[in-house]
Each structure stands twice: as structure tokens, then as C-alpha cells.
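In case you want the letters, here they are:
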Amino acid sequence: MARIVISEFMDERAVGQLSSLHEVLYEPKLVDDPARLLDAAAACDALIVRNRTQVRGELVAALGRCRVLGRLGVGLDNIDVGACEARGMQVIPATGANALSVAEYVIAASMLLLRGAFASTASMAQGGWPRTALGNGRETAGKTLGIIGFGSIGRTVARLARGLGMEVIAFDAVMDAGDAAFSTAGAAFAGLDELVRRSDVVTLHVPLVDSTRGLFNAPRIAAMKKGAVLINTSRGHIVDAMAVAAALKSGALGGAAIDVFDVEPLPASPVFEDCPNLVLTPHVSGVTAESNERVSFLIANKVLEALR
Ligand SMILES: NC(=O)c1ccc[n+]([C@@H]2O[C@H](COP(=O)([O-])OP(=O)(O)OC[C@H]3O[C@@H](n4cnc5c(N)ncnc54)[C@H](O)[C@@H]3O)[C@@H](O)[C@H]2O)c1
């Protein structure tokens, strides 16, 4: 019987599947107690984390007998994968399992921000009738959606957007224009600069790595079409959120949705307070009841397989 430590939240039934075969320590708040986490890590054969547990340095050193590291999600920027693999650990992400949740968030944000007609509740409750102000929203069909990063999530976004009648263009740093994945998903390849210039909505689906850090800085945002919408569900540090706020206030950008931040939780940020047509969400685009179940069972099964 192996010992499995789970340091962040996981679907309870998937935890049950693991504990029917192995000894499991499941503490969703263990990530907030570094000393206890280090103790638990030293005695485990498998560690399961979400995105808050930083698996690097001292923690990797403590994982002396650990054979497998399960990641309840996709991005591996909280894990020193090289150091884990050098110690013989298998690192397993839940690739694809939350793609639909993120893609639906992107579509909902695109429609909401292009239309701009859903923020009248407070004014109407006070007797307002802002029909003229809200009557200039844009339809989604026929607009150009630019997808940066054409992996699991990017392709799912493309499929849903095509269903709405959007024109989809996409860029991926490691795929060439002739890659069949573009035509299969109904997207046309575009270079990065062209995509930024042409898109009514730009959405990012790249990992946080050296080549994507600062990818959407102030000059790149300034190169977007006037009034375009920017959606970032990928990672903080990829988009300069301060530059987004400035572009919304100047009217250069027509809307933005930001789900991921340089520092999470996001500290109080008055800069966002008066931004028009801005949606901020607390890193939830990939987290739904359904995706939590899919992600948790996928990782539970793969960890069990690796321990066999
Ligand atoms: N906010 C959330 O809840 C949430 C949930 C899931 C994933 N994510 C983030 O979304 C990212 C993408 O997820 P995925 O499942 O689609 O990953 P994926 O690995 O399937 O696809 C990522 C794609 O990005 C491409 N890419 C890498 N560097 C690039 C660059 N410099 N320019 C353009 N393309 C580049 C890769 O070639 C790959 O095709 C994850 O790395 C993660 O950070 C966030």
C-alpha cells in the first residue's frame, strides 16, 4: 500500500477511489501550512497538487521517496518539472480535462463584452432606463476571433466559436501554417502580428514560459484593433493587466476579461475600479463542477496506474 498526499481540493469521490487502495492524506488546506506539507511530502509515494502548491526547491528535496506527481489542472508553471524528473518522479498534468470549461468561459466573455448590455441592473433598480447607452452593442457572429496557442483549449474555443458564426484565426509558436489541426477546427493560420491587428476578440491559451512572459505588453495591446476585446485565461505575467486597464480607460480596448494574475489572490487594485467593460474573475475559468470531476478522476486513475 502506497502513501498519497493531496495538498489542495480534489473531487471527494476521486479521493475515495484512491483511499480504497492506498493510504491517503487529503487536506485541501495543506498548501497553506508549508512545515506540515514538507513533513507529509517526505513520507509520500505520490503527491497530488492543484496550482497553488509550489513544487520546487525545498519541497522537491523533501520528496525523497515520491514516484509520481499528479497536477489537478494543466499549467506546470508551479512545478520545477526538470528537478522532479531528475529525482525519478513522473509528472502528470490533467491535459484536456478542463478545456471545455475554459472554452465556454471565453465564448461567454466574448458575447458579454462585445454586446456590452448586461451591466444595467444597479441603474435600473434605481429607476434608470439606459436603453440608448446600451443599444450600440455588437453581435458575435461575423466577428474575427484570434486564438493564440492552438493546443487543447485553443482548439475547443475554435470549435465553439465556429458554431456561433465567428471567423477564427489562430497562431501557435510550434505549429506551421499547414498543420491540419487548424483546418480541422475551422480556423485559418495567421502570424502573431496579423492576428493582433485583425481580431475583434483576442484570446490567449499558451503556457507561461520564457517566450510568453510579457507577450501582451503595452505595445502589443496598442497594436490591437480599436475597440477589440482581450481575454486572458492562460496565466498572469503573460498580459500586462495595468496596460489593459489604461487601454480600457482610453477607449483603445473595447472590453477585457482577466481570470489569471501576476499575484494570486489579486491584492486590492484601485486601478481596475473605473475600467469600463472589464470582467475580473478569480482563476475559475477552468473550474466547474464537471471539470473538477473529470480532472480529479483522470489524475486519480493515472496516479493509480503509475503506482501499480
Ligand atoms: N485559468 C484556468 O483555469 C486555466 C485552466 C486550464 C489551463 N490554463 C492555462 O492555459 C494554458 C493552455 O492550456 P492547454 O490545455 O490548451 O495547453 P496545451 O499544452 O494543450 O496548448 C498550449 C499551446 O500553446 C502553444 N505555445 C507555446 N508557446 C507559445 C508561444 N510563445 N506562442 C504561441 N503558442 C505557444 C503550444 O505549442 C501549445 O499548442 C495552460 O498552460 C495553463 O496555463 C488556465
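Fair warning: this is a prediction, and the values are worked out from it, not measured in the lab. Within each chain, residues carry numbers counting from 1 in the order of the written sequence. Local features in this predicted model are restricted to residues of pLDDT 70 or higher, and side-chain atom pairs are both shown and tallied only at a pLDDT of 80 or more, whereas totals for entire chains, interfaces and linings draw on every residue. To get the side-chain values, all heavy atoms of the structure are used, and hydrogens and water are removed first.

## A closer look at the packing of helix α5 (residues 99–115) against helix α8 (residues 152–163)
Link 1 in the chain: To get an axis, a line is fitted to the C-alpha atoms, and for a helix only the part in contact is used. The angle between two axes follows their N-to-C directions and goes from 0 to 180 degrees. Elements are defined by DSSP. Helices are runs of H or I of four residues or more, strands are runs of E of two residues or more, and each kind is numbered from the N terminus. For the pair α5 and α8, the least separation of the axes is 8 Å and the interaxial angle reads 50°. Accordingly, the angle class assigned to the pair α5 and α8 is oblique. Read as a crossing pair, α5 and α8 show a hand that is right-handed. When α5 is examined against α8, the residues A99, L100, V102, A103, E104, V106 and I107 are found in contact with a partner set consisting of S152, I153, T156, V157, R159, L160 and A161.
Link 2 in the chain: The nonpolar class holds Ala, Val, Leu, Ile, Met, Phe, Trp, Tyr, Cys and Pro. Asp, Glu, Lys and Arg form the charged class, and all remaining residues, Gly among them, are polar. Residue composition of the contact of α5 with α8, by class: 10 nonpolar, 2 polar and 2 charged. Angles are sorted into four bins: roughly parallel if under 35 degrees, roughly antiparallel if over 145, roughly perpendicular if 65 to 115, and oblique for all others. Each crossing gets its handedness from the near helix: less than a right angle anticlockwise from the far helix is left-handed, clockwise is right-handed. Contacts were defined at the residue level, with two residues in contact if any of their heavy atoms lie within 4.5 Å.

## Notes on the site of the ligand
Link 1 in the chain: To be near a molecule or strand, a residue needs just one of its heavy atoms within 4 Å of it. By nearness alone, 26 residues border the ligand, and S152, I153, D172, V174 and G286 come closest of all.
Link 2 in the chain: One of the side-chain nitrogen or oxygen atoms of S285 is found 3.0 Å away from a nitrogen atom of the ligand.
Link 3 in the chain: Protein contact buries 86% of the 860 Å² of open area that the ligand shows by itself.
Link 4 in the chain: Of the residues belonging to the shell around the ligand, the class tally is 10 nonpolar, 13 polar and 3 charged. In the analysis that follows, any N or O atom pair within 3.5 Å is treated as a polar contact, provided that within protein one partner can donate a hydrogen and the other can accept it, and provided that, for residues neighboring in sequence, both atoms belong to side chains. Methods summary: accessible areas were calculated by the Shrake-Rupley approach with a probe of 1.4 Å, and residue burial reflects only the protein chains presented.

## Remarks on unusual backbone geometry
Negative phi is the rule for most residues except glycine; trans is the rule for most peptide bonds.
Link 1 in the chain: In this model, E264 is joined to P265 through a cis peptide bond whose omega is -5°.
Link 2 in the chain: Looking at where P265 falls in the secondary structure, it is placed in the loop between β11 (253–258) and β12 (278–280).
Link 3 in the chain: A positive phi angle, close to 50°, is found at N277, a residue other than glycine.
Link 4 in the chain: Note that N277 resides in the loop between β11 and β12.
Link 5 in the chain: Positive phi, normally seen in glycine, also occurs at H283, with a value near 50°.

## Some thoughts on the domain arrangement of the chain
Link 1 in the chain: Taken domain by domain, the chain comprises domain 1 (3–95 + 289–307) and domain 2 (99–280).
Link 2 in the chain: The centre of domain 1, based on its C-alpha atoms, is set 32 Å off from the matching centre of domain 2.
Link 3 in the chain: In this complex, domain 1 contributes 6 residues to the contact, which on the side of domain 2 involves 5 residues.
Link 4 in the chain: Roughly 440 Å² of surface becomes buried between domain 1 and domain 2 when both sides are summed, with 39% attributable to carbon and sulfur atoms.
Link 5 in the chain: By convention in these notes, a salt bridge is any Lys or Arg side-chain nitrogen within 4 Å of a carboxyl oxygen on Asp or Glu. Taken together, the links from domain 1 to domain 2 amount to 1 salt bridge.
Link 6 in the chain: Of the charged contacts in the structure, one is a salt bridge between D77 and R235, with a shortest N-O distance of 2.9 Å.
Link 7 in the chain: Viewed at the interface, domain 2 and domain 1 are joined by 1 residue pair in polar contact (both at pLDDT 80 or more). Domain start and end points were adopted from an automatic or database domain assignment. Summed over both partners, the accessible surface that disappears when two parts come together, traced with a 1.4 Å probe, is what is meant by buried area.

## Quick look at the sheet that holds strand β9 (residues 201–204)
Link 1 in the chain: Should DSSP find at least two bridges between two strands, the strands are taken to pair. Pairing within the open sheet is parallel, and its 7 strands lie in the order β8-β7-β6-β9-β10-β11-β12. Each edge of the open sheet is held by one strand with a lone partner, namely β8 (187–189) and β12. Ignoring which end each strand starts from, the neighbouring axes of this sheet average 20° apart.

## Some words on the packing of aromatic side chains
Link 1 in the chain: Aromatic rings from Phe, Tyr and Trp, with only the six-membered ring used for Trp, were paired whenever their centres fell within 6.5 Å, and each pair was classed as stacked if the ring planes differed by under 30 degrees, edge-to-face if by over 60, and tilted otherwise. Using the criterion set out here, one finds 3 aromatic pairs in the structure.
Link 2 in the chain: With a centroid separation of 4.9 Å and 25° between ring planes, the pair formed by F150 and F182 is classed as stacked. One end of the pair, F150, is in the loop between β6 (144–148) and α8; the other, F182, is in helix α9 (residues 180–184), and 32 residues separate them in sequence. Per residue, the accessibility class of F150 equals that of F182, and both read buried.
Link 3 in the chain: Here the aromatic rings of F171 and F189 are separated by 6.2 Å at their centres, their planes lie at 50°, and the arrangement is tilted. Remark: F189 occurs in strand β8 and F171 occurs in strand β7 (residues 167–171); sequence separation between them is 18 residues. With a 1.4 Å probe rolled over the protein chains alone, any residue whose accessible area is under 20% of its type maximum counts as buried; one over 50% counts as exposed, and the rest are partly exposed.

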